[in-house]
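Close look at the chain arrangement
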Amino acid sequence: METIKGWYKNIGEKIKMLAIVMFLIEAFASIIAGIALMVSGIVAEDGGLVMFVAGFACMIVGPFVSYIGSWAAYAFGEIATNCKRTADNSEEAPEINYYSGSDLPEL
């Protein structure tokens, strides 16, 4: 059971790293797909210009959309990291003594 708990240590950093890796994979895949569409457009006899333009657009827009799409996962990882940091700091914080009504000075 202790090994499984180790998988979830530093989960916020792992989520952020996963967001970066997924962005890179999606951006690379969109570039490859764009190249494939452009080559298909060059080779095609009929309607090749449309495929070529679509491939070029895929190469330009695809990485940008992947980048925007990774923001939510990265932000979730950042929230998890900050919550963990806040919890760790609150455990170390000294206890605050609040005054009761009878301990307050008169005005």
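It should be noted that the structure appears before, not after, this text.
Bear in mind the structure is a predicted one, so any value in this text is a computation, not a measurement. (Residues numbered from 1 in each chain as written. Predicted model: local features only at pLDDT ≥ 70, side-chain atom pairs only at ≥ 80, totals over all residues. Heavy atoms only, no water.)

1. What to know about the pattern of salt bridges
With the rule as written, the count across this model stands at three salt bridges. Residues Glu13 and Lys16 are paired through a salt bridge, measuring 3.3 Å at the closest nitrogen-oxygen approach. In this pair, Glu13 and Lys16 are both assigned in helix H2 (residues 11–43), three residues apart and thus about one turn of the helix distant. Taking the shortest distance from any N to any O, the salt bridge between Lys84 and Asp88 comes out at 3.0 Å. One end of the pair, Lys84, and the other, Asp88, are both in helix H3 (residues 48–92), four residues apart, so they sit about a helical turn from each other. (Salt bridge = Lys/Arg side-chain N within 4 Å of Asp/Glu carboxyl O. Helix = DSSP H or I, 4+ residues; strand = E, 2+ residues; numbered from the N terminus.)

2. Observations regarding H2
Counted at 1.5 Å a residue, the expected span for H2 with its 33 residues is 48 Å, and the 47 Å between its end C-alpha atoms agrees. Along H2, the residues classified as buried are Gly12, Lys16, Ala19, Ala27, Ser30, Gly34, Met38 and Gly41. (Expected span 1.5 Å × (residues − 1). Buried < 20%, exposed > 50% of the residue type's maximum accessible area, 1.4 Å probe, protein only.)

3. What to know about a nonpolar patch on the surface
A contiguous nonpolar surface patch, about 950 Å² in accessible area, is contributed by Phe28, Ile31, Ile32, Ile35, Val39, Ile42, Val43, Leu49, Phe52 and Val53. Counting only elements with at least two residues in the nonpolar patch, the list comes to H2 and H3. Among the elements that line the nonpolar patch, the one with the most residues is H2, at seven residues. Structurally, Leu49 is set in helix H3. On the basis of relative accessibility, which here comes to 64%, the residue Leu49 falls in the exposed class. (Patch = residues over 30% accessible without salt bridge, like charges linked within 9 Å, V, L, I, M, F, W, Y side chains within 5 Å. Areas by Shrake-Rupley, 256 points an atom, 1.4 Å probe, with all protein chains shown as cover.)

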